[in-house]
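# Inside the fold
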Amino acid sequence: MKVAILSGSVYGTAEEVARHAAKMLGDAGFETFHNPRATLADIQAFEPQALLAVTSTTGMGELPDNLMPLYSTIRDQLPASFRDLPGAVIGLGDASYGDTFCGGGEQMSELFAELGVREVLPMLRLDASESVTPETDAEPWLGELVDALRG
């Protein structure tokens with residue numbers, strides 16, 4: 001199965017989680033595509049059979065700048081090829097920000113719902129105020145994702 005990983009990061013932490021996810025999925029036998037500067041055309045050329053979004057949150061619960069162009073293009077075009085694909089989201093944030101905690105992840109979850117992507121696992125919320133190793137903290141959830149995608 002081919003899994004496209006969409007990622008957005010402010011300080012690099014979400015990129016590290018996305019790279020770790022790509023490695024774990026690859027080790028499990030999946031073919032992955034991850035490029036933090038990917039365009040919609042890049043992703044469509046890969047012909048994904050599943051989608052994973054990994055994003056931090058910035059400002060008042062917004063997506064990072066490097067993910068905004070891709071997000072906007074996908075939202076404007078709503079590619080039919082993504083309909084019914086299995087998908088999941090990892091959101092990174094800081095719970096001390098209250099209502100905007102993992103807001104970037106929430107936006108990606110909403111976009112996936114608009115696209116008709118089938119959520120195979122509830123969003124993983126990684127809290128920067130509790131974790132210093134989010135890529136390691138994501139491993140149990142990523143294991144569940146591997147099982148869900150195989151099922």
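The protein chain has the name Flavodoxin in an unreviewed UniProt entry, where Pseudomonas marvdashtae is given as its organism. Within the UniProt record for the protein chain, the comment given under Cofactor (unreviewed entry) is "FMN".

### Quick look at the nonpolar core
Counting 25 residues, the largest nonpolar core has Leu6, Ile43, Leu51, Ile74, Phe82, Met108 and Phe112 as its most contacted members. Broken down by element, this core gets its largest block of residues, 4 residues, from helix H4 (residues 103-115). One finds Val17, Ala22, Ala138 and Trp141 within the second-largest nonpolar core, a separate group that totals 24 residues.

### Remarks on the pairing of strand S2 (residues 31-34)
Relative to S2, strand S1 (residues 2-8) runs parallel, the two sharing 4 bridges. In the strand pairing of S2, Val3 is matched with Thr32. Crossover handedness for the path S1 to helix H1 (residues 13-27) to S2: right-handed.

What counts, and where the lines are drawn
- Residues numbered from 1 in each chain as written.
- Predicted model: local features only at pLDDT ≥ 70, side-chain atom pairs only at ≥ 80, totals over all residues.
- Heavy atoms only, no water.
- UniProt positions renumbered as here; feature names shortened; annotations may be inferred.
- Core = buried A, V, L, I, M, F, W, Y, C linked by side-chain atoms within 4.5 Å.
- Buried < 20%, exposed > 50% of the residue type's maximum accessible area, 1.4 Å probe, protein only.
- Helix = DSSP H or I, 4+ residues; strand = E, 2+ residues; numbered from the N terminus.
- Pairing = 2+ DSSP bridges.
- Right-handed = clockwise from strand over helix to strand, strands pointing away.

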